[in-house]
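Residues per chain, in single letters:
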Amino acid sequence: MKTLKIAIQKSGRLNEKSVELLKNCGLNFENYKSSLIAPVSNFPLEILFLRDDDIPEYVQDGIADLGIVGENVIEETEVQVKYLQELGFGKCSLKLAITNNSEITDLSGLNGKSIATSYPVILGKFLQKNGISSDIRTISGSVEIAPGLGLSDAICDIVSTGGTLKSNGLKPFADVMSSQAILIGREGIEQDDLVQELIQRIQSVLDAKDKKYVVMNAPKDSLPGILELLPGIKSPSVVPLAEEGWVAVHTVIEERDFWTKISQLRKLGAQGILVMPIEKICGRP
Ligand code: ATP
Ligand code: ZN
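First things first, this report covers the structure right here in the doc. Remember, it's a predicted structure, so these values are computed and weren't measured experimentally. (Residues numbered from 1 in each chain as written. Chains lettered and ligands numbered in written order. Predicted model: local features only at pLDDT ≥ 70, side-chain atom pairs only at ≥ 80, totals over all residues. Heavy atoms only, no water.)

Moving on, we get to the site of ligand 1. Close contacts around ligand 1 come from 16 residues, with Arg13, Arg51, Asp53, Asn72 and Ser160 the closest. At 2.8 Å, a side-chain N or O of arginine 51 approaches an oxygen atom of ligand 1. Out of a free accessible area of 630 Å², ligand 1 has 76% covered by protein chains. Judged by the fraction of its atoms near the pocket grid, ligand 1 is located in the largest pocket. In terms of residue class, the shell around ligand 1 is built from 4 nonpolar, 7 polar and 5 charged. Structurally, the shell around ligand 1 is a two-domain feature, drawing no fewer than three residues from each of domain 1 (4-89 + 180-207) and domain 2 (92-179). (Near = heavy atom within 4 Å. Polar contact = N/O pair within 3.5 Å; in protein donor to acceptor, adjacent residues only side chain to side chain. Areas by Shrake-Rupley, 256 points an atom, 1.4 Å probe, with all protein chains shown as cover. 1 Å grid on protein atoms, 1.4 Å probe; cavity = no way out; pocket = protein on both sides within 12 Å on 5 of 7 lines; lining within 4 Å. Sits in = over half its atoms within 2 Å of the grid points. Nonpolar A, V, L, I, M, F, W, Y, C, P; charged D, E, K, R; others polar. Domains from an automatic or database assignment.)

Set out below in structure tokens:
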């Protein structure tokens, strides 16, 4: 039987979440920091641990069938790979930033200026699209110190909280791209049965992530109001209780409107509300 290979980051910001996602998909493997390849004991899959920058090319060239990597890295390496699934972690954005005292006020102010970045491809396309001609200075790390050293007038770098920019006397100025971790595959691999199985498992884990399973007891009279409040996956299940005139309602609630829903349910007469985490939601309609 053939074995698929999936490449994930060996260490860094995407490693932990990538490992967690694969484990939540029911895949058993050892995660030794020292090894480059880990076989999965209960699925025909091997996990390759690589530097994130190498992942898109490995997937394009078929050394790995699948990979988990930031969209920023995929775009920068300009490879031919298939986007199979957005994974919702590793979120960040690539931004242009200028010094706090810069006289640049809009994008056109970047004409003829120099911009330091580790993302020359993405930045080049962005400037071209906006009809701006700047001098792109490619540097591989610590881009944020370039203006202070007199190396550039602006920078283009990954920003999540903005703390690093601030401590270097810089302010964000324009968004170039937003990014998150993506499951990629080499062209055509999405037809493969094992790949489809894996994608379905990943979607089941992602679908369950921000949802809670909620069970409550309620007087039968309050049911219309409660049902109106609760769109479940289909509709909530209603089960009669031994006590006459009472029912149990089972449903799924999105984490983000959880507390508002709970307080409204209590006002409607719901009692003994149990809240449980959901591990997976299988079988998308
Ligand atoms: P490697 O050693 O694998 O080359 P790296 O140092 O290039 O690692 P990390 O800093 O671990 O990369 O970032 C990996 C990815 O995490 C980035 O390419 C980006 O997609 C994402 N990311 C999310 N938040 C941030 C952030 N605040 N700064 C940088 N990257 C971030
Ligand atoms: Zn890297």
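There is more to say after this.
Structurally, lysine 95 can be placed in strand β6 (residues 92-99). Here aspartate 175 takes part through its side chain, which lies 2.9 Å from a polar atom of the side chain of lysine 95. Apart from the residues within four sequence positions on either side, lysine 95 is in contact with Ile155, Cys156, Asp157, Val159, Pro172, Ala174, Asp175 and Val176. (Helix = DSSP H or I, 4+ residues; strand = E, 2+ residues; numbered from the N terminus. Contact = heavy atoms within 4.5 Å.)

A few words on the state of the cysteines. One pass over the full model with this rule turns up 0 disulfides. For cysteine 92, which is in no disulfide, the shortest distance to another cysteine sulfur is to cysteine 156 and amounts to 11 Å. The thiol of cysteine 282 is unpaired, and the distance to the nearest cysteine sulfur, on cysteine 25, comes to 9.9 Å. Residue class for cysteine 282 comes out exposed when judged on its relative accessible area of 57%. (Disulfide = S-S within 2.5 Å. Buried < 20%, exposed > 50% of the residue type's maximum accessible area, 1.4 Å probe, protein only.)

Attention now moves to the pattern of salt bridges. A full pass over the atoms with the stated rule returns 14 salt bridges. Linking arginine 256 and glutamate 254 is a salt bridge whose minimum nitrogen-to-oxygen distance equals 3.3 Å. Overall, arginine 256 belongs to the exposed group, its relative accessible area being 68%. Each of the salt bridges in this network shares a partner with another, and the network as a whole consists of Glu254, Arg256, Asp257 and Lys261. (Salt bridge = Lys/Arg side-chain N within 4 Å of Asp/Glu carboxyl O.)

Taken as a whole, the largest pocket spans an internal volume of roughly 920 Å³. Those elements giving two or more residues to the lining of the largest pocket turn out to be α3 (71-77), β9 (154-159) and α5 (163-167). The element contributing the most residues to the lining of the largest pocket is α3, with 4 residues. Of the residues in the lining of the largest pocket, the class split is 8 nonpolar, 17 polar and 7 charged. Two domains each donate at least three residues to the lining of the largest pocket, and these are domain 1 (4-89 + 180-207) and domain 2 (92-179). Taken as a whole, the second largest pocket encloses approximately 210 Å³ of empty space. If you trace the second largest pocket, you find it lined by Lys17, Glu20, Leu21, Asn24, Leu87, Phe89, Val205, Leu206, Lys209, Glu279 and Lys280. Of all the secondary structure elements, the ones that give two or more residues to the lining of the second largest pocket are α1 (15-24) and α6 (193-209). Considering each element in turn, the lining of the second largest pocket owes the most residues, 4 residues, to α1. Of the residues contributing to the lining of the second largest pocket, the split by class is 5 nonpolar, 1 polar and 5 charged. (Points joined across faces, edges and corners; volume = space filled by probe spheres on them.)

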